[in-house]
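Each chain, letter by letter, is given below.
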Amino acid sequence: MNVDLVSGALGAEVINFDLNYLNNKNFEEINNLLLEHKVIFFRNQSLTLEKFIEIASMFGPVEEHAYVKGIEKYPQITRIIKAANEKNQWGEGWHSDVSYDLTPSKVIMLKSLKIPPIGGDTVFSNMELALETLDEDIKKIIQNKKAIHTSNGSKFFVENYSKMESNGKIGEQYSNEHPIIRTHPETGKKILYVNPTYTKKIVGLPDDESSDLLNYIFKHQERLDLSCRFKWTENAIAILDNRSTQHYAIADFYPGRGLGHERVMDRISIVGDKPF
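A short tour of the structure in this document, coming up. (Residues numbered from 1 in each chain as written. Predicted model: local features only at pLDDT ≥ 70, side-chain atom pairs only at ≥ 80, totals over all residues. Heavy atoms only, no water.)

## Considering the environment of Ile118
In plain terms, the rule: Numbering of helices and strands starts at the N terminus; helices are DSSP runs of H or I of at least 4 residues and strands are runs of E of at least 2. Every residue pair with non-hydrogen atoms within 4.5 Å of one another is taken to be in contact.
Summarising the element assignment, Ile118 is placed in the loop between β6 (107-114) and β7 (122-126). Each C-alpha atom, one on Ile118 and one on Asp252, is 8.5 Å from the other, the two residues being 134 residues apart in sequence. The residues contacting Ile118, other than those within four sequence positions of it, are Lys231, Phe253, Arg257 and Gly258.

The structure is reproduced here in structure tokens:
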């Protein structure tokens, strides 16, 4: 097994390792790679749905998506389908998955099933580095403050995607408050934990001040030097630490350059803990 770094900020591709052989003996090595690099990638992985769930379960209990119907007989797996004629795709915009939950997902696993010939890369960003490089005066302002994260409701996940199906929780929205600076429960490192998709307001600040401050932070989080970009190939796996990263699925599907092709991914998430 070899490890190639994807960028200077985060990300590593694990070479010559078949995830079918992941077991209790070598899991710690893979988990340590995840904690170090925040997102790790594996190509040419032939996994059954049962094996996909089994591997995910090594990181902790798997969970069903709050709003989207999972695969029949495997409800923990969400099949993300961009129809051939759709220019948009699931996961556009910087976000940390389900940060609106009381206990947001710990780890996300993605597996590519069908990939357009061009387009649809995913960008990941390191939120530990985002905090380290944040202006010191801003750090002082957000120290010990919380922000409100809101789910946006089921339409957000299904309305503009013809092949995505609701699990029946139509229109329901809910919110939770989390520390803006959270602590990683395994490494103890500090993380900048807000995102432009789900974070709506800083608790205790006037609306205009909260909005200005969040917009400043969001712009900082978008810095390219905090990120890595992964070009998908079929049967590739990404395992990402959802606590310390954000990601953005790029919808660069244009005529003659990706439009007219399906993009199909399987997603599974692992139950997290309450941010502190």
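## Observations concerning helix α2 (residues 49-57)
Under the convention used in this document: A 1.4 Å probe rolled over the protein chains alone gives each residue an accessible area, and that area as a share of the maximum for its type sets the label: buried under 20%, exposed over 50%, partly exposed in between.
Along α2, the positions that sit buried rather than exposed are Lys51, Phe52, Ile53, Ile55 and Ala56. Tucked inside the fold, the buried residues of α2 contact β4 (62-63), β6, β14 (237-241) and β16 (263-270).

## Points about unusual backbone geometry
With phi around 60°, Asn16 is a residue other than glycine that occupies positive phi space. Structurally, the position occupied by Asn16 is in the loop between β2 (12-15) and α1 (27-37). Given the relative accessible area of 65%, Asn16 is considered exposed. One non-glycine residue, Lys38, adopts positive backbone phi at about 75°. Mapped onto the secondary structure, Lys38 falls in the loop between α1 and β3 (39-42).

## A look at the nonpolar core
Put simply, the test is: By convention a nonpolar core is built from buried Ala, Val, Leu, Ile, Met, Phe, Trp, Tyr and Cys residues, the set being connected through side-chain atoms within 4.5 Å.
Among the nonpolar cores identified, the biggest contains 27 residues, and Phe124, Phe157 and Trp232 are the most heavily contacted of them. Breaking this core down by element, the ones donating at least two residues are β3, β6, α5 (155-158), β13 (227-230) and β14. Residues Leu33, Tyr74, Met109 and Ile268 belong to the second largest nonpolar core, which totals 26 residues.

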